[in-house]
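Residue strings, one per chain:
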Amino acid sequence: MSGGGVLRNWLLSDGRSRLAASFLLAVAILAIAAPLVARYSPTAQNAMPFTGISWDHWLGTDDLGRDVWARLVYGARASLLAAFIAVGIAVGIGVPIGLVAGFRGGWVDAVLMRIVDTFLSFPGIILAIAITAVLGSGLMNAMVAVGIVFSPSIARLMRGQVLVTRERGYVEAAVSFGSPSWWIVVRHIVPNAIQPVVIQATFMLGLAVLAEASLSFVGLGVQYPNPSFGVMLRSAAQFTSLNPGGVYPPGLAIALLVLAFNALGDSLRDVLSPATSTRRRIGRRANRRPAPNPEPNGASPRDN
Amino acid sequence: MKRMLLGRLAALVPTVLLASFVVFMLIQLAPGDPSITLAGENATAERIEEIRRSLGLDRSLIEQYLTWLSHAVRGDLGKSIITQESIAAAIGRTLPITLQLVFGALVVAIVFGVIAGVASARRADTATDAVIASVSSAGAAMPSFWLGLVLVSIFALGLDWLPATGFVSLAADPVRALRHLVLPSVALGAVGAAEIARQLRGVLIEILASDYIRTLRAKGLSESRIVWIHALRGAAVPLVTIIGLQVSRLLGATVVVEAVFGIQGIGTLVVSAANNRDYYVVEGVVVVMALIVILVNFAVDVSYRISDPRIR
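No experiment lies behind these values; they were computed from the predicted model shown. (Residues numbered from 1 in each chain as written. Chains lettered and ligands numbered in written order. Predicted model: local features only at pLDDT ≥ 70, side-chain atom pairs only at ≥ 80, totals over all residues. Heavy atoms only, no water.)

What follows is about the overall build of chain A. Across its full length, chain A holds 13 helices and zero strands. Along chain A, from the amino end to the carboxyl end, the secondary structure elements read α-α-α-α-α-α-α-α-α-α-α-α-α. Counting over 304 residues, chain A shows a buried share of 51%. Counting contacts in chain A only where the partners sit at least 6 residues apart, residues at least 24 apart contribute 67% of the total. When the accessible surface of chain A is split by element, carbon and sulfur atoms take 65% of a total near 13400 Å². (Helix = DSSP H or I, 4+ residues; strand = E, 2+ residues; numbered from the N terminus. Buried < 20%, exposed > 50% of the residue type's maximum accessible area, 1.4 Å probe, protein only. Contact = heavy atoms within 4.5 Å. Areas by Shrake-Rupley, 256 points an atom, 1.4 Å probe, with all protein chains shown as cover.)

Below, the structure written as structure tokens:
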């Protein structure tokens, strides 16, 4: 099926994915058009603190009298940008590593996967904090850290896919025709192995939104006075007794974004690789020795 | 069995060494020179050089790593550049607090997760199932620390039922400790409960359709006995794996949740160290956390080797 055909079928088949996709599109438009939809500067003091909801300030003002709606749409900008940067870095690091490990095999594979497993043994957010400590705080550095933390699972997934794809008849045919390795990788392996990575990357966008919020909340991500969902929660948290409603706008925004990315990932998985959709994968795992990394092809018999 | 245990344990050593090496090298990438920081302002070049030598910073990276490692295995992780406190002592002070929190969260995750998972598997594809599925996907999308803030604003500041911040050790005063533990445990455990419910549902549906359950039904056993005793025992192995993965996630998530509840655990320690660029503290905490995750994975691995003779 062509790419366009898959996309059309997917959006037509599933109400949930349509809802998630429209929501994400709306958020993206709001974020891009932030200067037009926000009537105030997100960093300037425009009114008294905690004015409450009014016609002038749709979501009220925060502890410094800044417009919450303006901060929310500019915050969406930071959060979405952060998510795409982090996942882009994760894919950019993870895909080549997985490709080389899976295609070359042997000691290259053994060494690379050993390193990948080492990175997987750190709790993600703690490793991200450590990397941010070294690089220095700030949105870009925090997202580089999150991207590095996410990359090992992409590498593992890609490697598993390459191992499977490498055994397919069309690859063997290309080898027997004497096609050069790079051509086989670019023409046959990558296009056929990449789908699960696309699905995983979609889920990771949600995780990256959460990671940005967490790191900014503890002061390591987006820096004062710029808005992001995490920064907004950080300042709302200091004034929960004065303004208990302050935690809802950024918190709900995070939860809805994550929910939308998860729904999109779920339905992408159902369309692109029905064999690994949640329900059936769990069913299969029940009868097998469960692997600590539950990806479909993580542990093939030819491992190492 | 003993040989298997020892063999698996020995296999952990390279993993732990590699993890510690990765963290050590990461910290070396940090800009700045701790000896200049320690020497303070207006220090002479000789004084800085003296501190460099006393810290061993004039030697090669491999030598420095081996020295650090030989101290680390004896429980000496160095001193904080900022507070001068021993890092091992700081971790020893904060880790039990974090572990108590993680334990509370695990209890919440397992109790609610198993009840919800069983309920939705028994009533698969009914309204109950759909409600549980929506609640758990919402739960999985919520940042733990935000849920914590919401719980504080409702149950602590609004209704005044539970304390908003602070921590009491379970050993010191169990009743007060539990009151302080409820909100952070629920905040942290909610995501885990959602994950356990979702995965357990899938596993149980598969098991409930299997032949031995059909035989048990034919023998006339009550449905709840079949589900709670026989089917759940069959689900034990995947369940332990899911719970093991949750421990690693919880150790990470607690970092931010501690900030919400003003709990002085290991998360607060590493966050303030990262903000102050107190690299050696960050290094010590990350290595200890990786060690805990590796040991938990080991325990999970061993437990399913014990419970399932086929994979021994």
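Attention shifts here to unusual backbone geometry. Excluding glycine, residues mostly carry a negative phi; peptide bonds, for their part, are mostly trans. Here the phi dihedral of Arg 277 of chain B falls at roughly 55 degrees; this positive angle occurs in a residue that is not glycine. Judged by its relative accessible area of 33%, Arg 277 of chain B falls in the partly exposed class.

Moving on, we come to the confidence of the model for chain A. In this model, chain A carries an average pLDDT of 78, and 80% of its residues clear a pLDDT of 70 or more. Every residue in residues 277-304 of chain A is under pLDDT 50, and counting partners more than four places away or in other chains gives 55 contacts. (pLDDT = per-residue confidence, 0-100.)

Attention shifts here to the packing of helix α2 (residues 15-32) of chain A against helix α4 (residues 68-104) of chain A. Residues and elements named next belong to chain A. At their nearest, the axes of α2 and α4 sit 8 Å apart, and the two run at 110 degrees to each other. Relative to α4, the element α2 is oriented roughly perpendicular. Residues Val 27, Ala 28, Leu 30, Ala 31 and Ile 32 of α2 lie in contact with α4, whose contacting residues are Trp 69, Val 73, Ala 76, Arg 77 and Leu 80. Here the contact of α2 with α4 is built from residues that sort into nine nonpolar, no polar and one charged. (Axes fitted to C-alpha atoms, helices over the stretch in contact; angles between N-to-C directions. Parallel < 35°, antiparallel > 145°, perpendicular 65-115°, else oblique. Nonpolar A, V, L, I, M, F, W, Y, C, P; charged D, E, K, R; others polar.)

What follows is about the environment of Ile 115 of chain A. Residue and element names in this part refer to chain A. In this fold, Ile 115 is placed in helix α5 (residues 106-120). For Ile 115, a relative accessible area of 38% corresponds to the partly exposed category. In the structure, Ile 115 is positioned 37 residues away from Pro 152 in sequence and 8.6 Å away in space, judged by C-alpha atoms.

In this complex, chain B contributes 59 residues to the contact, which on the side of chain A involves 46 residues. Surface buried jointly by chain B and chain A totals about 4400 Å² across both partners, of which 74% is contributed by carbon and sulfur atoms. The tally of links from chain B across to chain A stands at zero salt bridges. Connecting chain B to chain A are two residue pairs in polar contact (both at pLDDT 80 or more). Listing elements by their share of the side of chain B that touches chain A, those giving two or more residues are α1 (2-28), α6 (127-141), α7 (144-158), α8 (174-208), α11 (236-261), α12 (266-275) and α13 (279-307) of chain B. No other element matches α11 of chain B, which puts 12 residues into the side of chain B that touches chain A. Partitioning the side of chain B that touches chain A into residue classes produces 43 nonpolar, nine polar and seven charged. (Buried area = accessible area lost by both parts, 1.4 Å probe. Salt bridge = Lys/Arg side-chain N within 4 Å of Asp/Glu carboxyl O. Polar contact = N/O pair within 3.5 Å; in protein donor to acceptor, adjacent residues only side chain to side chain.)

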